[in-house]
Amino acid sequence: MAHIFLSSPHMSEEGYEQAYIKEAFETNWIAPLGKNVTEFEKEMAEKLNATKAVALSSGTAAIHMALKAVGVQQGDIVFCQSLTFSASANPIVYEKAVPVFIDSDERTWNMSSTSLQKAFEQYTRLGKLPKAVIVVHLYGLCADIERIAAICKRYQVPLIEDAAESLGTIYKNQYTGTFGDYGIISFNGNKIITTSGGGMLLCNTDDAEDQAQKVLFWATQARESARWYQHKEIGYNYRMSNIVAGIGRGQLRVLDQRVEKKRYIYEYYQRHIGDLPGLCLMPMCQDAYSNCWLTTIQLSDACKVKPVDIILALEDKDIESRPVWKPMHLQPVFENCDFISEVEELHITDEKMGADNSVAGGLFRRGICIPSDTKLTDIDLKRICIIIRDQVCMKNI
Ligand SMILES: *Cc1c(COP(=O)(O)O)cnc(C)c1O
């Protein structure tokens, strides 16, 4: 039987992507820019109701540009959600700024507003307000965005929303990525829609046009307007190509369909394994419509079956699954960074994984992402559920 992926590229059945690429070939707009890039930005901004969008070479590049746009410099503090993929935090280090990691809450899995408030109070006392806050909508789950945005506003610190995994997630009639001063999207191969690789920066500030112009300037080698190549600042080669943007335009047309399928997959798992003792699915927030990018499960500590047992049982049948992101505050590369949590006494709970008793550490230790590919059939889903059910029931008897 064919290999089952966690999440893989899924081009439209209608061939929209190829039509846009074909047009680019016929007009010889292969590179650098061209109609697909500007139209992709316009179409995305319209779809999400964002003020301005800038197409870039990756989601990571978009976070980097957002940090530069808010003026993050060497030695500045940036508060960042700990439970995330490393790409949320790496650009802080590119700018020689200092990440301070914030714990999650059980209700949303994302940044805890209580821990964020605690971090603000602690760092205000030190006289070191952060230059920015990076919140993530992990697996398409919506963060506690209203409270987090309100806290940032109170301290007048810009908010950057990492919506790399949550394109299509809606909170109270508004798309994620448009709540913060800046939002970022990724079109990496495993994301809900893909351009093979790419990203986008959403600018939502009052001066969004000016901010977007600045980002465009940095992203295209910081070339001053002169006949010769004149540079006053360090630039980057971060712009999206016209071919890649063509794939994106085609994919955007099927985004709603992809969200529907991802939600169907989540609901299928909820119906077929949601009742197993000691197992629960990721939480759905009342006010949000999640894109359900990856369905993720938690096994309670009382459960005899461990995440690794299920991962291995699936792997044995050529089915991909993986642990929840390992929090940044537990990563060797960030071991000297501060971590703010509501949990008072932090200690290691699993030597082998390097997990601790923080909320993020617990979600990591108990969590598994299960196949959520939009090409999955009911037959595939049934097979996966039977394997998981067998593991849980066998071990718990
Ligand atoms: C994928 C991802 C990114 C980075 O996006 P790229 O396009 O791969 O650079 C950033 N943050 C999160 C949470 C992601 O999942």
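Given the structure is predicted, the values throughout are model-derived calculations rather than measurements.

Enquirer: So what's going on with the overall build of the protein? Which residues, and what values?
Expert: The number of helices and strands found in the protein is 12 helices and 17 strands. Computed over C-alpha atoms, the radius of gyration of the protein comes to 21 Å, within 12% of the 21 Å expected from 2.2 N^0.38 for 397 residues, which places it in the range of a compact globule. The C-alpha extent of the protein, read off along each of the three principal axes, is 75 × 60 × 35 Å. Every one of the 397 residues in the protein was classed for burial, and the buried ones make up 57%. Long-range pairs, those at least 24 residues apart, make up 71% of the contacts in the protein between residues at least 6 apart in sequence. Approximately 17,400 Å² of the protein is accessible, and the part contributed by carbon and sulfur atoms is 52%. The protein carries 42 positive and 50 negative side-chain charges, and their two centres are separated by 2 Å.

Enquirer: Go over the sheet that holds strand β10 (residues 279-281) with me, naming the residues and quoting the values.
Expert: The 4 strands are arranged β10-β12-β17-β13 in an open sheet whose pairing can be described as antiparallel. Strands with a single pairing partner mark the edges of an open sheet, and in this sheet they are β10 and β13 (322-323). As judged from the 3 bridges shared by β10 and strand β12 (residues 295-299), these two strands associate in the antiparallel manner. In the sheet register, L279 faces β12, and the bridge partner there is L299. Against the sheet, helix α10 (residues 307-315) contacts β12, β13 and β17 (367-370), and its axis sits at roughly 25° relative to β17.

Enquirer: Outline empty space enclosed by the protein, supporting the account with residue identities and numerical values.
Expert: On inspection of all chains with the given rule, the structure shows 1 cavity of 30 Å³ or more. A volume near 50 Å³ is recorded for the largest cavity. Residue lining of the largest cavity: R107, T108, L141, C142, P283, M284, C285, A288 and S290, and that is the complete set. Partitioning the lining of the largest cavity into residue classes produces 6 nonpolar, 2 polar and 1 charged.

Enquirer: Report on the site of the ligand, specifying residues and quantitative values.
Expert: Taken together, 15 residues form the shell around the ligand, and within it G59, T60, E165, S186 and K191 come nearest. Separating an oxygen atom of the ligand from a backbone N or O atom of G59 is a distance of 2.7 Å. At 3.3 Å from an oxygen atom of the ligand is found a side-chain nitrogen or oxygen belonging to K191. In isolation the ligand exposes 380 Å². Once the protein is present, 94% of that is buried. Tallied by class, residues from the shell around the ligand come to 4 nonpolar, 8 polar and 3 charged.

Enquirer: Talk me through the side chain of T195; I want residue IDs and the actual numbers.
Expert: For T195, the location among the structural elements is in the loop between β8 (182-186) and β9 (199-203). The exposure class of T195 is buried, given its relative accessible area of 0%. Within the structure, T195 has its side chain in polar contact with the backbone oxygen of G197 (distance 2.8 Å). Setting aside chain neighbours within four positions, we find T195 in contact with F40, F187, M240, V244, I247 and G248.

Enquirer: Can you tell me about helix α3 (residues 59-69), naming the residues and giving the values?
Expert: Within α3, 10 of the 11 residues are buried, which leaves the element mostly enclosed by the surrounding structure. Turning to α3, its buried residues are G59, A61, A62, I63, H64, M65, A66, L67, K68 and A69. Remark: G71 follows α3 within two positions and exhibits a positive phi of approximately 85°.

Enquirer: Provide a residue-level description of the packing of aromatic side chains, including the pertinent values.
Expert: Applying the stated rule across the entire model yields 10 aromatic pairs. Seen in terms of ring centroids, F120 and Y155 are 4.2 Å apart; in terms of plane orientation they differ by 10°. Their pairing is stacked. Placement of F120 in helix α5 (residues 113-125) and of Y155 in the loop between α6 (145-154) and β5 (159-162) is noted, with a sequence separation of 35 residues between them. On the basis of relative accessible area, F120 is assigned to the buried category, the value being 0%. Among the aromatic residues, those joined into a ring-pair cluster are F79, F120, Y123 and Y155. Here the basic side chain of R263 rests over the ring of Y289, its NZ or CZ set 3.8 Å away from the ring centre.

Enquirer: Let's hear about the pattern of salt bridges: which residues, and what values?
Expert: For the coordinates displayed, the defined rule picks out 16 salt bridges. For K52, the salt bridge is made with E209, and the minimal N-O distance between the two is 3.8 Å. A residue pair is termed long-range when its members are at least 10 positions apart, and K52 in strand β1 (residues 52-56) and E209 in helix α7 (residues 208-219) qualify at 157 residues. Judged by relative accessible area, K52 falls into the partly exposed class, the value being 25%. Note on E209: relative accessible area 46%, which makes it partly exposed. Ionic pairing is found between R366 and D301, a salt bridge with its closest N-O pair at 3.9 Å. In this pair, R366 is assigned in helix α11 (residues 359-366) and D301 in the loop between β12 and α10, connecting sequence segments 65 residues apart. When its relative accessible area of 16% is taken as the criterion, R366 is described as buried. Classification of D301 by relative accessible area gives partly exposed; the value is 45%.

Enquirer: Please set out the sheet that holds β8 residue by residue, giving values where relevant.
Expert: The sheet built from 8 strands is open, its strands ordered β1-β9-β8-β5-β4-β2-β3-β14 with mixed pairing. Both edges of this open sheet fall to β1 and β14 (339-340), since each of them pairs with a single strand only. The pairing of β8 with β9 spans 5 bridges and is classified as antiparallel. Of the residues in β9, the one forming a bridge with I184 is L201. Running over the sheet, helix α2 (residues 35-48) touches β1, β8 and β9 and is turned about 135° from β1.

Quick notes on the rules
Residue numbering note: each chain is counted from 1, following its sequence as written. Confidence filtering applies because this is a predicted model: local features only for residues at pLDDT of at least 70, side-chain atom pairs given and counted only at 80 or more, and all residues used for totals across whole chains, interfaces and linings. As a rule here, side-chain values cover all heavy atoms of the structure and leave hydrogens and water aside. The way it works is that DSSP assigns letters per residue, a run of H or I at least four long becomes a helix, a run of E at least two long becomes a strand, and they are numbered from the N terminus. The atom set for the radius of gyration is the C-alpha atoms, and the globule formula is 2.2 Å times the number of residues raised to the power 0.38. Burial classes follow relative accessibility: with a 1.4 Å probe on protein chains only, a residue under 20% of its type's maximum area counts as buried, one over 50% as exposed, and anything between as partly exposed. Contact criterion: two residues are considered in contact whenever any of their non-hydrogen atoms come within 4.5 Å of each other. Methods summary: accessible areas were calculated by the Shrake-Rupley approach with a probe of 1.4 Å, and residue burial reflects only the protein chains presented. When charges are counted, neither His nor the chain ends are considered; positive counts come from Lys and Arg and negative counts from Asp and Glu. Positions of charges follow a simple convention, taking NZ of Lys, CZ of Arg, CG of Asp or CD of Glu. For two strands to count as paired, DSSP must find a minimum of two bridges between them. Inter-axis angles, ranging from 0 to 180 degrees, are taken between N-to-C directions of lines fitted to C-alpha atoms, where helices are fitted over the stretch in contact. Detection works on a 1 Å grid of protein atoms alone, calling trapped sets that fit a 1.4 Å probe cavities and calling open sets with protein on both sides within 12 Å along at least five of seven lines pockets, with lining residues defined by an atom within 4 Å of a point. Grid points are joined across faces, edges and corners, and a volume is the space filled by probe spheres set on the points. For this classification, Asp, Glu, Lys and Arg are treated as charged, while Ala, Val, Leu, Ile, Met, Phe, Trp, Tyr, Cys and Pro are nonpolar and the rest, including Gly, are polar. We call a residue near a molecule or strand as soon as one heavy atom of that residue lies within 4 Å of the molecule or strand. Think of a polar contact as two N or O atoms within 3.5 Å of one another; within protein, one of them needs to be a possible hydrogen donor and the other a possible acceptor, and neighboring residues in sequence only count if both atoms come from side chains. Here a Phe, Tyr or Trp ring, Trp counted by its six-membered ring, pairs with any other such ring whose centre lies within 6.5 Å, and the pair is stacked when the planes are under 30 degrees apart, edge-to-face when over 60, and tilted otherwise. Note on criteria: charge over ring means Lys NZ or Arg CZ within 6 Å of the ring centre, with the direction from the centre no more than 35 degrees off the ring normal. A carboxyl oxygen of Asp or Glu within 4 Å of a side-chain nitrogen of Lys or Arg is what we treat as a salt bridge.

Honestly, it's all geometry; don't read function into it.
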